[in-house]
Amino acid sequence: TRAALSADGDVVAVGWWNAADGVSARFEVWDVAAGTRWFTRSHPGVAGGLQNFPQAVELTADGRRAAFASWGDGDGDPEVWIVDRDAGEVLRVDLPGSAFALDLAADGTRVAVATKSVHANQFGTTGEVRMFDTGDRNVQAVGQARLGQTLRIAARDPAATRAVFLVGPPSAAPGPIPGAAGVLWLDRDAGVSSSVRRTDSHGRSSFLLQVPNDPAWIGRRLGVQVAFRTPGGTVLSEHWVLPVVVD
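Here's what I pulled together on the structure shown here. The shown structure was predicted, so the numbers you read here are calculated from the model rather than taken from an experiment.

### A closer look at the sheet that holds strand β2 (residues 11–17)
Next up, step 1: The four strands lie next to each other as β1-β2-β3-β4, forming an open sheet whose pairing is antiparallel. At either end of the open sheet lies a strand with only one pairing partner, and these are β1 (2–5) and β4 (36–43). In this sheet, neighbouring strand axes are inclined to one another by 10 degrees on average, regardless of whether the strands run parallel or antiparallel.
Next up, step 2: With four bridges connecting them, β1 and β2 associate as antiparallel partners. Paired with alanine 4 across the bridge in β2 is alanine 13.

### Quick look at the pattern of salt bridges
Next up, step 1: Per the counting criterion, the structure on display carries 14 salt bridges.
Next up, step 2: With its nearest N and O atoms 2.6 Å apart, the salt bridge here joins arginine 85 to aspartate 31. Here arginine 85, found in the loop between β7 (80–84) and β8 (88–93), pairs with aspartate 31, found in strand β3 (residues 25–31); they are 54 residues apart in sequence, far enough to count as distant.
Next up, step 3: Taking the relative accessible area as the measure of exposure, arginine 85 reaches 36% and is therefore partly exposed.
Next up, step 4: The class for aspartate 31 is buried, based on a relative accessible area of 10%.
Next up, step 5: By sharing partners, the salt bridges in this structure join Asp62, Arg64, Arg65, Asp84 and Asp136 into a single network.

### Structural notes on the sheet that holds β8
Next up, step 1: Ordered in space as β5-β6-β7-β8, the four strands form an open sheet in which the pairing is antiparallel. Because the sheet does not close on itself, it has two edges, and the strands there are β5 (54–59) and β8. Across the sheet, the mean angle separating the axes of adjacent strands is 15 degrees when strand polarity is ignored.
Next up, step 2: With five bridges joining them, β5 and strand β6 (residues 65–70) adopt antiparallel strand pairing. Counted as the bridge partner of leucine 59 is alanine 66 from β6.

### Points about the pairing of β8
Side-chain positions along a regular strand alternate between the two faces of the sheet.
Next up, step 1: The pairing of β7 with β8 spans five bridges and is antiparallel. In the sheet register, tryptophan 81 faces β8, and the bridge partner there is arginine 92.
Next up, step 2: Following β7, the chain reverses through three residues before pairing antiparallel with β8.

### Some words on the layout of surface pockets
Next up, step 1: In this structure, the largest pocket occupies an estimated 540 Å³ of space.
Next up, step 2: Put simply, the parts of the chain that give the lining of the largest pocket at least two residues each are β11 (127–133) and β12 (139–142).
Next up, step 3: In terms of residue class, the lining of the largest pocket is built from eleven nonpolar, five polar and three charged.

### Describing the nonpolar core
Next up, step 1: Formed by 19 residues in total, the largest nonpolar core has its most connected members in Ile153, Phe165, Leu209, Val224, Val226, Phe228 and Val245.
Next up, step 2: Breaking this core down by element, the ones donating at least two residues are β14 (150–156), β15 (162–168), β20 (204–210) and β21 (223–230).
Next up, step 3: The contact partners of valine 226, leaving out residues within four places of it in the chain, are Val139, Ala155, Ala163, Val164, Phe165, Val235, Leu236 and Ser237.

### Focus on the packing of aromatic side chains
Next up, step 1: Within this structure, the stated rule accounts for nine aromatic pairs.
Next up, step 2: When the centroid spacing of 6.5 Å and the interplanar angle of 15 degrees are considered together, the rings of tryptophan 71 and phenylalanine 100 count as stacked. Separated by 29 residues along the polypeptide, tryptophan 71 in the loop between β6 and β7 and phenylalanine 100 in strand β9 (residues 99–104) bring together distant segments of the chain.
Next up, step 3: The buried category is assigned to tryptophan 71, whose relative accessible area is 17%.

### Comments concerning the side chain of serine 237
Next up, step 1: With respect to the element layout, serine 237 can be found in the loop between β22 (233–236) and β23 (245–246).
Next up, step 2: Given a relative accessible area of 2%, serine 237 falls into the buried group.
Next up, step 3: A polar contact is formed between the side chain of serine 237 and the backbone oxygen of histidine 239, at a distance of 2.7 Å.
Next up, step 4: Excluding residues within four positions of it along the chain, serine 237 makes contact with Asn138, Val139, Gln225, Val226 and Phe228.

### Quick notes on the environment of serine 171
Next up, step 1: Along the chain, the position of serine 171 falls in strand β16 (residues 170–175).
Next up, step 2: Sequence spacing of serine 171 and leucine 184 is 13 residues, and the spatial spacing of their C-alpha atoms is 8.2 Å.
Next up, step 3: Once residues within four sequence positions are removed from consideration, serine 171 is found in contact with Trp185, Leu186 and Asp187.
Next up, step 4: Only 2.7 Å separates the side chain of serine 171 from the backbone oxygen of alanine 173, close enough to count as a polar contact.

Conventions used here
- Each chain has its residues counted from 1, running along the sequence as written.
- Local features in a predicted model are, by the rule used here, given only for residues with pLDDT of at least 70; side-chain atom pairs are given and counted only at 80 or more, and totals for whole chains, interfaces and linings are based on all residues.
- Note: side-chain values were computed over all heavy atoms of the structure, leaving out hydrogens and water.
- The pairing criterion for strands is at least two bridges between them, as found by DSSP.
- Helix numbers and strand numbers start at the N terminus; a helix is a DSSP run of H or I with at least 4 residues, a strand a run of E with at least 2.
- As a rule, the C-alpha atoms of each element are fitted with a line to give its axis, helices using only the stretch in contact, and angles between N-to-C directions run from 0 to 180 degrees.
- Here a salt bridge means any side-chain nitrogen of Lys or Arg lying within 4 Å of a carboxyl oxygen belonging to Asp or Glu.
- Accessibility here uses a 1.4 Å probe with only protein chains present; expressed as a share of the type maximum, an area under 20% marks a residue as buried, one over 50% as exposed, and anything in between as partly exposed.
- Cavity means a closed set of points on a 1 Å grid over the protein atoms alone, one where a 1.4 Å probe fits but cannot get out, pocket means an open set with protein on both sides within 12 Å along at least 5 of 7 lines, and lining means a residue has an atom within 4 Å of a point.
- Grid points are joined across faces, edges and corners, and a volume is the space filled by probe spheres set on the points.
- Residues are grouped as follows: Ala, Val, Leu, Ile, Met, Phe, Trp, Tyr, Cys and Pro are nonpolar; Asp, Glu, Lys and Arg are charged; all remaining types, including Gly, are polar.
- Grouping buried Ala, Val, Leu, Ile, Met, Phe, Trp, Tyr and Cys residues that are joined through side-chain atoms within 4.5 Å yields what is termed a nonpolar core.
- We call two residues in contact whenever any of their non-hydrogen atoms come within 4.5 Å of each other.
- Whether two aromatic rings pair depends on their centres lying within 6.5 Å, for rings of Phe, Tyr and Trp, where Trp uses its six-membered ring; planes under 30 degrees apart make the pair stacked, over 60 edge-to-face, and the rest tilted.
- Here a polar contact is recorded for every N or O atom pair within 3.5 Å, except that within protein the pair must consist of a potential hydrogen donor and a potential acceptor, and residues adjacent in sequence are included only if both atoms are side-chain atoms.

Structure below.
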């Protein structure tokens with residue numbers, strides 16, 4: 001019922017619906033050039049139960065990651081998931097209802113999903129749009145930057161003992177910082193604040209960013225990058241976030 005092809009045509013992702021029983025689905029990713037299947041997942045349904053149906057299938061241009069969305073069958077199995085050729089399943093989400101649309105980011109690390117509040121076979125007039133992240137980046141914004149509220153920023157570096165959260169306006173071009181590896185994406189001349197946080201045994205830390213309760217801030221972008229303190233020295237995070245302030 002659904003299929004997606006990589007840019008070079010070497011990888012195809014497919015969503016199968018079982019027309020015989022009407023309630024089962026199967027999802028696969030094939031390496032067309034090699035003639036091998038590197039991912040498969042079956043969702044057998046229950047006779048007379050809710051109908052599972054492959055609603056959306058997407059691939060990154062290089063065919064390395066695939067995303068699937070389905071109606072589900074009302075149990076605890078995921079309706080949305082992302083798989084990576086090398087890392088396997090990197091995201092799985094059990095939605096409150098059926099997925100009706102899906103859009104995968106170009107790098108395969110984020111997915112936007114439109115979901116009905118109940119199963120597609122059930123009457124309902126509400127739904128929502130959700131965005132999910134695989135957590136591949138070493139700096140993440142967990143939530144939205146809303147006026148007068150706090151926004152949690154999560155960071156991770158397995159070697160870090162401290163995480164210095166840097167907040168400021170974005171720079172026109174990245175530049176080095178003496179004594180630190182990597183580049184800074186924030187404008188030091190415009191003012192950059194810093195907050196130090198301890199990391200756990202896995203190098204994870206978080207920081208609560210307070211958004212001013214001022215309507216003049218609506219539409220502004222808050223740049224956040226992290227300087228990790230490691231035994232080998234200070235390392236600037238490869239990734240950074242730029243959330244937009246909303247009402």
